Amino acid sequence: MARDVEALDLPAWSRASGPSQGPQCRDTMAHLDSEVKEECLREDLRFYFMNPCEKFRARQQIPWKMGLQILKIVMVTTQLIRFGLSNQLVVAFKEENTAAFKHLFLKGYSGSDEDDYSCSVYTQEDTYDSIFFAINQFHRLRNLSLGTLGYGESEDNRIALKVCKQHYKKGTMFPSNETLNIDSDIEIDCIHLDLEALSKDPQDWKNSSFFRLEFYRLLQIDISFQLKGIDLQTIHSRELPDCYVFQNMIIFDNKAHSGKIKIYFNSDAKIEECKDLKISGSIQKNTQYVLVFDAFVIVICLASLILCTRSIVLALRLRKRFLKFFLEKYKRHVCNADQREFINQWYILVIISDLLTISGSVLKMEIKAKNLTNYNLCSILLGTSTLFVWVGVIRYLGYFQAYNVLILTMQASLPKVLRFCACAGMIYLGYTFCGWIVLGPYHNKFENLNTVAECLFSLVNGDDMYATFAHIQQKSHLVWLFSRLYLYSFISLFIYMILSLFIAIITDSYDTIKKYQQNGFPATDLQEFLKECSSKEKCQEESPAFLSSICCLRRNRSDDHLILIN
């Protein structure tokens, strides 16, 4: 479309007029100049709201952003898979070592935890045996362990095992007489047993006063020690091995004084840089190739980030032009819905995914070079970025009418669904607190608020209903009757009423979108402006050629009323 005055077929008298034109001529020229600006703005708006294929047909503009997104999907997914396999080896090594530690240091460990604790003891003799067993196993570790384990240094830079006990300061107790005299202040006593002390006669340290326990005052016994290990399985994946430091603690919990001491085993594994690492073979070359690939991913994401940011900046400038023109011509402001059309939310999603991918790739390179060891943060960054990248594919599917129905339905129903969930959430929280306070002592699925919320969500989806009913302990008839009323009312309310209303809201939005597609969407000010032409004759001459030149997908005329997609 021409952008100069001559292209608008000015009248012969206006072209022949010289510098000494009269007021009527100047008014005509001003009117024609405003028409030129309006047509330029309309043309820019039409081009902005074209899809990449239409832009290529109209102006031969190569869709760089679309090509980068397709390339980025392949590269980011490949990067995620490689890192995921490496992260699985790290997690598996930690879990397998924790299981091995439990078998090594916990006497009578069955291979599976009893509850949230590993095992338990019920007599004083079993308690002493469990404590001494763990200490002896630590001393004999080199002759027992199958793994690549060694002793680590404690806080005071020596190889030792630390035993601490917590107990009430003093007191006496006679349950038969129902008398108790105790000081609630807590004392903590500790002893360090190094390898030299453990190598001596075991009776020397077993008969010490520290291990003379008064169980009515005893609260807790902690046995802590540090071990080191090297993960060699990464060599099979052509990666450099990691060095680990395991901070282990065995806890004998007697705070309840119920006749049952719960034994917990906690192992905190940290990855440290190996001090002297000499490995021959092709591992070093493989590491360099992976670093180069990660660097290329960063370059691709930077290019995508720059292009999307540039598009948003240009869109804001175009919106500013349109708002100014609309206010000058129609003497009113553009509605907020039309103003939001200029901000492509897909670009914002792409920018967020690019930032996450760049951050995760840099962190992954540092992990690969053994400078950092934060696998969890890296997996969160890369996993979230890959999620956003694949969600962004929906944008290109939206160019097809069949897929666009899904996108429009989601957009139309989202505000209603959020408002509905806010109301339903109040009822859900009420049932959560009620179930926790009443059923918590009698049902393992209601022990804390987190498990209660998860249990109720499972019931809403029809999962594990019978087990939830059956596992309630019938120690209190009143609580048992309340549990039936509680569960039946919750299931009836949420499945038969709230969930049905939730589906009805989405169905109503879908029906509305289908109706609009058949009868046409309500035209906004922006859409009406895009359909206007400067003159009836010009519109008739240019519209068929213009539409045919930008036609990429064969759509019905009613499809032009669909949501504007950049």
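Residues numbered from 1 in each chain as written. Predicted model: local features only at pLDDT ≥ 70, side-chain atom pairs only at ≥ 80, totals over all residues. Heavy atoms only, no water.

A count of helices and strands for the protein gives 19 helices and nine strands. Buried residues in the protein amount to 38% of all 566 residues. Counted over contacts in the protein with a minimum sequence separation of 6, partners at least 24 positions apart contribute 72%. Accessible surface, the protein: about 32,900 Å² in total, of which carbon and sulfur atoms supply 58%. (Helix = DSSP H or I, 4+ residues; strand = E, 2+ residues; numbered from the N terminus. Buried < 20%, exposed > 50% of the residue type's maximum accessible area, 1.4 Å probe, protein only. Contact = heavy atoms within 4.5 Å. Areas by Shrake-Rupley, 256 points an atom, 1.4 Å probe, with all protein chains shown as cover.)

This brings us to a negative patch on the surface. Judged by side-chain charge, E114, D115, D116 and E447 come together as a negatively charged surface patch. As for its position among the elements, D116 is in the loop between α4 (64–105) and β1 (119–121). Take D116: its relative accessible area is 56%, and that puts it in the exposed class. (Patch = residues over 30% accessible without salt bridge, like charges linked within 9 Å, V, L, I, M, F, W, Y side chains within 5 Å. Salt bridge = Lys/Arg side-chain N within 4 Å of Asp/Glu carboxyl O. Lys, Arg positive; Asp, Glu negative; His and termini not counted. Charge placed at Lys NZ, Arg CZ, Asp CG, Glu CD.)

Per the stated rule, a full pass over the model turns up nine salt bridges. D113 is the partner of K102 in a salt bridge, and the nearest nitrogen-oxygen pair spans 3.1 Å. Here K102 is found in helix α4, whereas its partner D113 is found in the loop between α4 and β1, with eleven residues between them in sequence. Taking the relative accessible area as the measure of exposure, K102 reaches 11% and is therefore buried.

Let us now look at the nonpolar core. Counting residues in each nonpolar core, the largest one holds 48 residues, and the members touching the most others are F105, I223 and I250. In terms of residue count, α4 provides more of this core than any other element does, six residues in total. Both domain 1 (52–83 + 285–399) and domain 2 (118–173 + 183–273) contribute no fewer than three residues apiece to this core. Look past the residues within four positions of I250 in its chain and what remains in contact with it is F105, L106, A134, I221, D222, I223, F225, I263, Y264 and F265. The next biggest cluster of nonpolar side chains, apart from the first, holds 22 residues, and it includes L439, L456, L459 and V460. (Core = buried A, V, L, I, M, F, W, Y, C linked by side-chain atoms within 4.5 Å. Domains from an automatic or database assignment.)

Between the first and last C-alpha of helix α17 (residues 477–519) there are 62 Å, a value that for 43 residues agrees with the 63 Å anticipated at 1.5 Å per step. The principal kink in α17, of about 35°, is found at F494. A positive phi of about 100° marks G520, the residue just after α17. (Expected span 1.5 Å × (residues − 1). Bend = angle between axes of the 7 residues up to and from the residue.)

Under the criterion given, the structure shown has 32 aromatic pairs. Arranged with centres 5.9 Å apart and planes meeting at 15°, the rings of Y244 and F246 form a pair that is stacked. Accessibility assignment for this pair places Y244 and F246 in one class, buried. Ring pairs connect the aromatic residues F93, F101, F105, F138, Y151, F225, Y244, F246 and F265, which therefore count as one cluster. Across the ring face of F210, the terminal group of K165 is positioned such that the distance to the ring centre comes to 4.8 Å. (Phe/Tyr/Trp six-rings, centres within 6.5 Å; stacked < 30°, edge-to-face > 60°. Lys NZ or Arg CZ within 6 Å of the ring centre and 35° of its normal.)

Here the structure, examined in full by the defined rule, presents one disulfide. Covalent S-S linkage joins C164 and C190, the inter-sulfur distance amounting to 2.0 Å. Between C164 and C190, the S-S dihedral sits near 110°, and the bridge is therefore right-handed. Of this pair, C164 sits in strand β3 (residues 160–168) while C190 is found in strand β6 (residues 186–194), placing the two residues 26 residues apart along the sequence. A relative accessible area of 40% means that C190 is categorised as partly exposed. In this structure C423 is a free cysteine whose sulfur lies 9.4 Å from that of C421, the closest cysteine sulfur available. (Disulfide = S-S within 2.5 Å.)

Looking at the protein as a whole, its pLDDT mean stands at 81, while 86% of the residues score no less than 70. Across residues 1–21, confidence stays below pLDDT 50; counting only partners more than four residues off in sequence or on other chains, it has 24 contacts. Long-range and interchain partners of residues 534–566, a stretch whose pLDDT sits below 50, account for 57 contacts in this model, where long-range means more than four residues apart. (pLDDT = per-residue confidence, 0-100.)

Across four bridges, strand β4 (residues 171–174) lies against strand β5 (residues 179–182) in antiparallel orientation. Its bridge partner lying in β5, M173 is registered against L180. Counted along the chain from β4 to the antiparallel partner β5, the turn is four residues long, and its residue E178 has a positive phi close to 55°. (Pairing = 2+ DSSP bridges.)

A word on the packing of α4 against helix α12 (residues 375–391). As a packed pair, α4 and α12 sit with axes 10 Å apart at the nearest point and diverge in direction by 150°. Taken together, the axes of α4 and α12 lie roughly antiparallel to each other. Where α4 crosses over α12, the two elements pack in a sense that is left-handed. Across from K72, I73, V76, T77, Q79, L80, F83, S86, N87 and V90 in α4, the residues of α12 making contact are Y375, C378, S379, L382, G383, S385, T386, V389 and W390. In terms of residue class, the contact of α4 with α12 is made up of ten nonpolar, eight polar and one charged. (Axes fitted to C-alpha atoms, helices over the stretch in contact; angles between N-to-C directions. Parallel < 35°, antiparallel > 145°, perpendicular 65-115°, else oblique. Left-handed = near helix turned anticlockwise from the far one by under 90°. Nonpolar A, V, L, I, M, F, W, Y, C, P; charged D, E, K, R; others polar.)

What follows concerns a nonpolar patch on the surface. There is a patch of nonpolar side chains on the surface, built from M426, I427, L429, F433, W436, I437 and L449 and spanning about 670 Å² of accessible area. Within the element layout of this structure, F433 appears in helix α14 (residues 401–439).

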